[in-house]
Amino acid sequence: MPLRMSTLFLRTLRDDPADAEVASHKLLVRAGYIRRAAPGGYTWLPLGLRVKNKVENIVREEMNAIGGQEVHFPALLPKEPYEATGRWEDYGDGIFRLQDRSGADFLLAPTHEELFTLLVKDHYSSYKDLPVYLYQIQTKYRDEARPRAGLLRVREFIMKDSYSFTIDDAGLDEAYEKHREAYVRIFARLGLEVVAVEAMAGAMGGSRSEEFLHPSAAGEDTFVESPGGYRANVEAVSTVVPEAIDYTNAAAPEVKDTPESTTIAALVDVANDLAPKQTGQWQAHETLKCVVLTAVLDGEQRQVFVVAVPGDRDVDVKRLEASIGEALGVTGEPSVEPATENDIAKHTQLVPGYIGPTAFNDGQLQQMLGTDSHTGIPFFVDPRIVPGSTWITGANEDQKHVFGLVAERDFSWDGVLEATAVQDGDPAPDGSGPLAARRGMEMGHIFQLGRKYAEALGLKVLDENGKQVVVTMGSYGIGISRAVAALAEAHHDEQGLIWPINVAPAHVHIVATGKDDAIFETAEEFATKLEAAGIEVLLDDRRKAHAGEKFSDAELIGVPIHLIVGRGLAKGTVELKDRFAATREDIAIDDALEHVTNLVHSYQNR
RNA sequence: CGGGACGUAGCUCAGCUUGGUAGAGCGCGCGCUUUGGGAGCGUGAGGUCGCAGGUUCAAAUCCUGUCGUCCCGACCA
């Protein structure tokens, strides 16, 4: 049965919704696919649900094809499994927690590693049962601080998550590679361009991981790519460390007056003004910015430390958090925040705006930062601060900076930390040239989890020698609802959406325009015959709507092929419109069925 | 969580400055006309002005709080 516009639960909107900014959000709401129901929550209307189901089915087919078996967990879960892995705490404000009538703690699952692990533990206890790949397509909940852009970032969303359970790393590698290949096929079938980039494992733990990003200006992730094909999320790029420099003949450091230069920009100006370089101009990357930060453990213990980075770069707090605990020798995972005035006030030797690793004391250069210095403040440097590199930096004296301070010769540090984000133009790790930064939407993420979850939850099997072995796991996600948004974002024009045929709510939109019964009867006939040929039809059989209204709706809704039955009928033609190719042609009625069928099939087989 | 903007009919918005019984366009119902690019005329239905306090004879309008939305930042598969 064709979908009929006369009875379809649909109201297209003439204006963009006031709360929408990005194209996918505007169009999905205007064309009647989704409707906001809650902060960060959307209702799927009939058209939207059809698209969502098609996306799910493609994912499902490809997961089944690599041997995945579908299961389905509750979204409402007790806290215990998540306590066992530490994520009840780790997720912080990121999850929805609630209590039942007796006061027991529950959560709405943000992802299901724990439950899959326990499920396998319940059933399996031998290496002979492995490998096994399980997956589900399920609603996930995250208490996002800021839902945005329609379906792109919401608090309730649909995700395919799969998990591999294998006896060893070789099995994991195979599972990972199979998923990787399945993901490439899935996005190709969806008609969504993605690039695989190296990623940080983040809260999931584990080792190797890659993200599948859809390149788009509306995306929230930034990745870099090199001319040689290296691609990585900015979070995951490791710095290319410059060669150490021979400083045998380097000039001695010198303190100079640099009034009113508490920012790098001001310092560069003042330096060029009062202490010009022999050749050229001083640049921000020749200054050393010493940033005072505080590591906070359990929300209470505050440890002030200083990180030095080249002046043209900003400190990346998230990167620091990945390594600061170890660097400071504390257990636990401290968060990092800018030092407060209070924090700084406890270290009176620090002169805000003029902080540097050293100071001159009676003409003698003296180390001011570092656990061995007399301030005792832990001091770390970015990998770009190599031995022999020369810097302009604070002299720990008001209105003064020191010029020509040489790393290693003039100051030392407690450790080297990745402290800044990679920038457009930085050298690529593969040596093929400068990195270029692009934006992307995260469509999927694959992780080699290793044994973290299996260990925490006691998932072990007996190996062939009868010994207990911890199972090795991988986890693999695809954002289904986000994929719908990305598809809308990637496939539209001024008139409306243009769905790839594999996910379109219907294959052909038949528009009957005019008032003669013959027109509507012919349109019905086409609909019946096309459906019989396995082609899904959306039929505009509204008698009262005007032609212009029907055309506008058809373009907005975005079924990619339109068959218009109207004024041409008198001379035996109908009009075939291809939204992908942006073409329209009159064809003889007798040829229409074959034409349309061929066109649909040609797009399906792409 | 910080900064900014905003919340009035299904949708897009006006009215608020200067307090005085709720408005427009689109959409929706009915009638007639019209029928290949969101048509016309007529006629109707539809809103506790986000919510809660306060000021006032009187609050959509002024004040306070709160909830929500959008943007930027922080954070986040």
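Residues numbered from 1 in each chain as written. Chains lettered and ligands numbered in written order. Predicted model: local features only at pLDDT ≥ 70, side-chain atom pairs only at ≥ 80, totals over all residues. Heavy atoms only, no water.

Caption draft 1: Geometry of empty space enclosed by the protein. One pass over the structure, following the stated rule, counts one cavity of 30 Å³ or more. Here the largest cavity defines a volume of roughly 50 Å³. Taken together, Arg 148, Leu 152, Ala 218, Gly 219, Glu 220, Asp 221, Met 441, Glu 442 and Arg 482 form the lining of the largest cavity. Classifying every residue of the lining of the largest cavity by side-chain character gives three nonpolar, one polar and five charged. (1 Å grid on protein atoms, 1.4 Å probe; cavity = no way out; pocket = protein on both sides within 12 Å on 5 of 7 lines; lining within 4 Å. Points joined across faces, edges and corners; volume = space filled by probe spheres on them. Nonpolar A, V, L, I, M, F, W, Y, C, P; charged D, E, K, R; others polar.)

Caption draft 2: A negative patch on the surface, seen in detail. A surface patch of like charges, here negative, comprises Asp 168, Asp 173, Glu 177 and Glu 181. A residue is classified by how much of its surface remains accessible, and Glu 181, at 42% relative accessible area, is partly exposed. (Patch = residues over 30% accessible without salt bridge, like charges linked within 9 Å, V, L, I, M, F, W, Y side chains within 5 Å. Areas by Shrake-Rupley, 256 points an atom, 1.4 Å probe, with all protein chains shown as cover. Salt bridge = Lys/Arg side-chain N within 4 Å of Asp/Glu carboxyl O. Lys, Arg positive; Asp, Glu negative; His and termini not counted. Charge placed at Lys NZ, Arg CZ, Asp CG, Glu CD. Buried < 20%, exposed > 50% of the residue type's maximum accessible area, 1.4 Å probe, protein only.)

Caption draft 3: Summary view of the pattern of salt bridges. Here the structure, examined in full by the defined rule, presents 31 salt bridges. Ionic pairing is found between Lys 52 and Glu 56, a salt bridge with its closest N-O pair at 3.4 Å. Residue Lys 52 and its partner Glu 56 are located together in helix α2 (residues 46-65), separated by four residues, close to a single helical turn. Like Glu 56, Lys 52 is buried. Here Arg 208 ties to Glu 210 by a salt bridge, and the two come within 3.4 Å at their closest N and O atoms. One continuous salt-bridge network, built from bridges that share partners, spans Glu 61, Glu 62, Arg 185 and Arg 189. (Helix = DSSP H or I, 4+ residues; strand = E, 2+ residues; numbered from the N terminus.)

Caption draft 4: Expanded view of the pairing of strand β27 (residues 472-479). With respect to burial, β27 is a largely interior element, eight of its eight residues being buried. Of the two faces of β27, the one holding Thr 472, Gly 474, Tyr 476 and Ile 478 and the one holding Met 473, Ser 475, Gly 477 and Gly 479 are both buried throughout. The pairing of strand β9 (residues 156-166) with β27 spans eight bridges and is antiparallel. Opposite Asp 161, over in β27, you have Gly 477 as the bridge partner. Pairing geometry for strand β24 (residues 436-450) and β27, over six bridges, is antiparallel. When the bridges of β27 are listed, His 445 appears paired with Gly 477. (Pairing = 2+ DSSP bridges.)

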